[in-house]
Amino acid sequence: GDNPMNANILSGRQPARPVATEHFDVIIVGAGISGVGSAYHMRTQCPGKRFVVLESKDSFGGTWHTHRYPGVRSDSDLYTFGYRFKPWMGKPIATAEEILSYMAEVIEENDLAQHIRYRHRIDAASWSSIEGLWTLDATRLESGERVRFTTNFLWMCQGYYRHDQGYLPAWTGMDNFKGPLIHAQTWPEELDVQGKRVVVIGSGATAATVVPGLARLGAKVTMLQRSPTYFISGRNANDLANELRRLEIDPMWIHAIIRKKVLMDGAIFARRSREEPEEVRKELLAGVRAQLGEDFELEPHFSPRYRPWQQRVAFIPDGDMFAEIREGNASVVTDEIDRFVEDGVVLKSNAKLDADIVVAATGFQLSVLGDIPFSVDGLPLDFSKTVTYRGMMFTGVPNMVWVFGYFRASWTLRVDMVADFVCRLLKHMDATGAKQVTPQLREDEKDMPLSEWIDADNFNPGYLMRDIHLMPRSGNTREWQHTQDYWGEKDEFPEIDLTDGVFRYDANRPSGNA
């Protein structure tokens, strides 16, 4: 990359001192659920390697550190959202606090804290084939000092959305509203909602959590949705897990058994959603009816237009949101916003919702590889011009893996799976003396038809649809796709042939223009 000192010399300013450079065999970016899991696998599967985890926040946890809204909890069960190597002992759906303490134990039990550096923001990443290295330019946020890292291998665990701001549509008259307008993702510490009229805009998992969360704090809540979501409600308990615990079965066994069962049930549900969507839809609506009572008008509030599973189905533990609706502490309005006024929101139907506070639970802003500017051998890298190898590597991008989890199954299932692959790949490269590995289309795949990162007919949340053009492309075979198919990948990943022509290895550091 360019030497930042040149600019200083040109402007007549003397650089304070050269930027310090530190080298690691592997750098993991992000200390959320993916980064902490990957660090565990580095330590246990590649104990000889020097690695560091760089995190821009002041603590670990990622999503569970960012989101502070009332009632924040997982929308996956923790048997499969937890790591395969550490049994989950609590209830299936967990609070952010419980997830953070589980992660803290992983860090503590495996001595990972020494490897994590907080408050480090990565400003640029550049690969050099001549050096066989990635160079990361970073800022220490405490001091503003610029630092530089080099590494042989880059393991991107920074997730898929912007943590500093959620997606907020531009509604008419937003500035007229006199009360606080808050995005759920950036919740203010000192917000008193007791006795306040709160309108929550949105209908996904976040809205379903925030509505009962606010009602419990004494707010009068209205959930305003453009279109409804599918909900499943059930006890926040796993009977089989409780029974096995009562029998004093080894916790690792229980963990393995419950993971298998949860995954099998999930796969059956996903298959039925595809093969008999009408039947599944009936069952889901009957479940909501059972919660809200015969007199409640389900249309239009709880009958979505899309097939079950085209977007996530939100789980309502212990039916808490429905209980607040039944008791009159929360209500649902299905309509669109026409404009904001001083004391609330006017809808397209001309009805008005009075509000002291408005909460937008309107989703994420997609972030492609942390929005970090990447370059390869001096040329800026545009990820939308690459094709993804199995949703984790990219054509023409050497020595880099991105952990992008599952949407329907738990994200973390893929963290463990990708980690096994990375550690196997690193050992293979050491054994063969390779310094560089780059995925490439085989000769007969060069003209393969390409499509978007994920098939919109299959799964289409707003944050992906808005910015899918920024994402890497997919091919027409499973190898060149993020299939979102845990069941296929769990068997395929261990069988990936590292000597296949899809991986181009370079042993000698090339000289000149390679």
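Each chain carries its own residue numbering, running from 1 in the written order of its sequence. Owing to the predicted nature of the model, reporting of local features is limited to residues with pLDDT of at least 70; listing and counting of side-chain atom pairs is limited to 80 or more, with chain, interface and lining totals taken over all residues. Excluding hydrogens and water, the side-chain figures rest on all heavy atoms present in the structure.

Asks: Explain a nonpolar patch on the surface to me, and be specific about the residues and the numbers.
Replies: Taken together, Leu240, Met252, Trp253 and Ile257 make up a surface patch of nonpolar side chains, about 390 Å² in accessible area. Strands here mean DSSP runs of E at least two residues long; helices mean DSSP runs of H or I at least four residues long; both are numbered from the N terminus. Among the elements that make up the nonpolar patch, the one with the highest residue count is helix 8 (residues 251–275) (three residues). For Ile257, the position within the fold is in helix 8. Only residues above 30% relative accessible area that lack a salt bridge enter a patch, with like-charged residues linked at up to 9 Å and the nonpolar side chains Val, Leu, Ile, Met, Phe, Trp and Tyr linked at up to 5 Å. Each accessible area is a Shrake-Rupley estimate made with a 1.4 Å probe; only the visible protein chains count as cover when residues are assessed. Definition used for salt bridges: Asp or Glu carboxyl oxygen within 4 Å of a side-chain nitrogen of Lys or Arg.

Asks: So what about the environment of Asp500? Which residues, and what values?
Replies: Tracing the sequence through the fold places Asp500 in the loop between helix 13 (486–495) and strand 23 (503–506). For the exposure calls, accessible area comes from a 1.4 Å probe over protein chains only, and a residue counts as buried if that area is under 20% of its type's maximum, exposed if over 50%, partly exposed in between. Residue classification places Asp500 among the partly exposed positions, given a relative accessible area of 22%. Between the C-alpha atom of Asp500 and that of Arg272, which follows or precedes it by 228 residues, the distance is 36 Å. Separated by 3.0 Å, the side chains of Asp500 and Arg442 make a polar contact. Each polar contact in these results corresponds to two N or O atoms within 3.5 Å; when the atoms are within protein, one needs to be able to donate a hydrogen and the other to accept it, and residues that are neighboring in sequence are counted only if both atoms are side-chain atoms.

Asks: Can you break down the pairing of strand 9 (residues 220–225) residue by residue, with the values?
Replies: Most of strand 9 sits inside the fold, with five of its six residues counted as buried. The handedness of a crossover follows from its direction of travel: if, with the strands pointing away from the viewer, the path from the first strand over the helix to the second runs clockwise, the crossover is right-handed. Taken together, strand 8 (residues 197–201), helix 6 (residues 205–216) and strand 9 form a β-α-β motif whose crossover is right-handed. Any two strands between which DSSP finds at least two bridges are classified as paired. Relative to strand 12 (residues 330–334), strand 9 is paired through five bridges, and the arrangement is parallel. Considered in strand 12, the bridge of Val221 is made with Ala330.

Asks: Just give me the short version of the sheet that holds strand 15 (residues 352–354), but keep the residues and values in it.
Replies: Taken together, three strands build an open sheet; the order of strands is 13-14-15 and the sheet is antiparallel. Across the chains shown, the open sheet's two edge strands, defined by having one partner strand only, are strand 13 (337–341) and strand 15. Strand-to-strand twist across the sheet, computed as the mean angle between neighbouring axes with direction ignored, equals 20 degrees. In terms of strand pairing, strand 13 meets strand 14 (residues 344–347) through four bridges, oriented antiparallel. The axes used here are C-alpha line fits, helices contributing only the stretch in contact, and every angle between their N-to-C directions lies in the interval 0 to 180 degrees.

Asks: I'd like a rundown of the sheet that holds strand 16 (residues 357–360), residues and numbers included.
Replies: An order of 7-16-8-9-12 is seen for the five strands of this open sheet, with the pairing classed as parallel. Where the open sheet ends on each side, the last strands, each with one partner, are strand 7 (181–183) and strand 12. Averaged over all adjacent pairs, the angle separating strand axes in this sheet is 20 degrees, with direction ignored. Where strand 8 lies against strand 9, five bridges are found, and the strand directions are parallel. Looking at the pairing, Arg197 lines up with Lys220 of strand 9.

Asks: Give me the lowdown on helix 6, citing residues and values where you can.
Replies: Since the α-helix advances by 3.6 residues per turn, residues separated by three or four positions end up pointing in the same direction. Helix span, expected: 1.5 Å multiplied by one less than the number of residues in the helix. Over its twelve residues, helix 6 runs 17 Å from end to end, which matches the ideal 16 Å to within 8%, given 1.5 Å per residue. Taken across its twelve residues, helix 6 has nine buried, putting it largely inside the fold. The set of residues buried in helix 6 consists of Ala207, Ala208, Thr209, Val210, Val211, Pro212, Gly213, Leu214 and Ala215. Remark: Gly218 follows helix 6 within two positions and exhibits a positive phi of approximately 90 degrees.

Asks: Got a sec to walk through the packing of aromatic side chains? Specific residues and values, please.
Replies: Pairing of aromatic rings covers Phe, Tyr and Trp, the last counted by its six-membered ring, and requires centre-to-centre distances within 6.5 Å; plane angles under 30 degrees mean stacked, over 60 mean edge-to-face, and any other angle means tilted. Across all of its chains, the model carries 35 aromatic pairs by this definition. Between Tyr230 and Tyr306 the ring centres are 5.3 Å apart and the planes differ by 90 degrees, which places this aromatic pair in the edge-to-face class. Of this pair, Tyr230 sits in the loop between strand 9 and strand 10 (231–234) while Tyr306 sits in the loop between helix 9 (277–292) and strand 11 (314–317), placing them 76 residues apart in sequence. Accessibility classification places Tyr230 together with Tyr306 in one group, the buried group. For a Lys NZ or an Arg CZ to count as sitting over a ring, it must be within 6 Å of the ring centre and within 35 degrees of the ring normal. Its end group placed over the ring of Tyr167, Arg466 keeps NZ or CZ at 3.4 Å from the ring centre.

Asks: Could you give an account of the side chain of Arg73, naming the residues involved and the relevant values?
Replies: Here Arg73 shows up in the loop between helix 3 (63–66) and helix 4 (78–81). The exposure class of Arg73 is buried, given its relative accessible area of 11%. What Arg73 contacts, discounting residues up to four positions off in sequence, is Trp64, Ile93, Ala94, Thr95, Ala96, Ala208, Thr209, Phe315, Pro317 and Asp320. Throughout, a contact is declared for two residues whenever any of their heavy atoms are within 4.5 Å.

Asks: Describe the pairing of strand 4 (residues 120–128), and please don't skip the residues or the numbers.
Replies: Relative to strand 5 (residues 133–140), strand 4 runs antiparallel, the two sharing eight bridges. Bridged to Ser126 within strand 5 is Thr135. Connecting strand 4 to the next strand, strand 5, in antiparallel fashion are four residues, including Gly132 with a positive phi near 65 degrees. Judged from the three bridges that link them, strand 4 and strand 17 (residues 374–376) form a sheet pairing that is parallel. Residue Ala125 lies in a different strand from strand 17, and its bridge partner there is Phe374.

Asks: Which residues make up the environment of Phe149, and what are the values?
Replies: Along the chain, the position of Phe149 falls in strand 6 (residues 145–156). As for Phe149 and Trp134, which are separated by 15 residues in sequence, their C-alpha atoms are 8.1 Å apart. Once residues within four sequence positions are removed from consideration, Phe149 is found in contact with Glu22, Phe24, Ile27, Leu54, Arg117, His120, Trp134, Thr135, Leu136 and Ala138.

Asks: So what about the packing of helix 11 (residues 411–432) against helix 13? Which residues, and what values?
Replies: Helix 13 packs onto helix 11 with a crossing angle of 15 degrees between their chain directions and a minimal axis gap of 10 Å. As judged from the angle between their axes, helix 11 and helix 13 are roughly parallel. Between helix 11 and helix 13 the crossing geometry is left-handed. From helix 11, Leu413, Arg414, Met417, Val418, Phe421 and Arg424 reach across to helix 13, where they touch Tyr486, Glu489, Lys490, Phe493, Pro494 and Glu495. Each residue is assigned to one of three groups, with Ala, Val, Leu, Ile, Met, Phe, Trp, Tyr, Cys and Pro labelled nonpolar, Asp, Glu, Lys and Arg labelled charged, and all others, Gly among them, labelled polar. For the contact of helix 11 with helix 13, the residue count by class is seven nonpolar, no polar and five charged. With respect to orientation, any angle under 35 degrees is reported as roughly parallel, any angle over 145 as roughly antiparallel, any angle of 65 to 115 as roughly perpendicular, and every other angle as oblique. The crossing is said to be left-handed when, going from far helix to near helix, the turn is anticlockwise and less than a right angle, and right-handed when the turn is clockwise.

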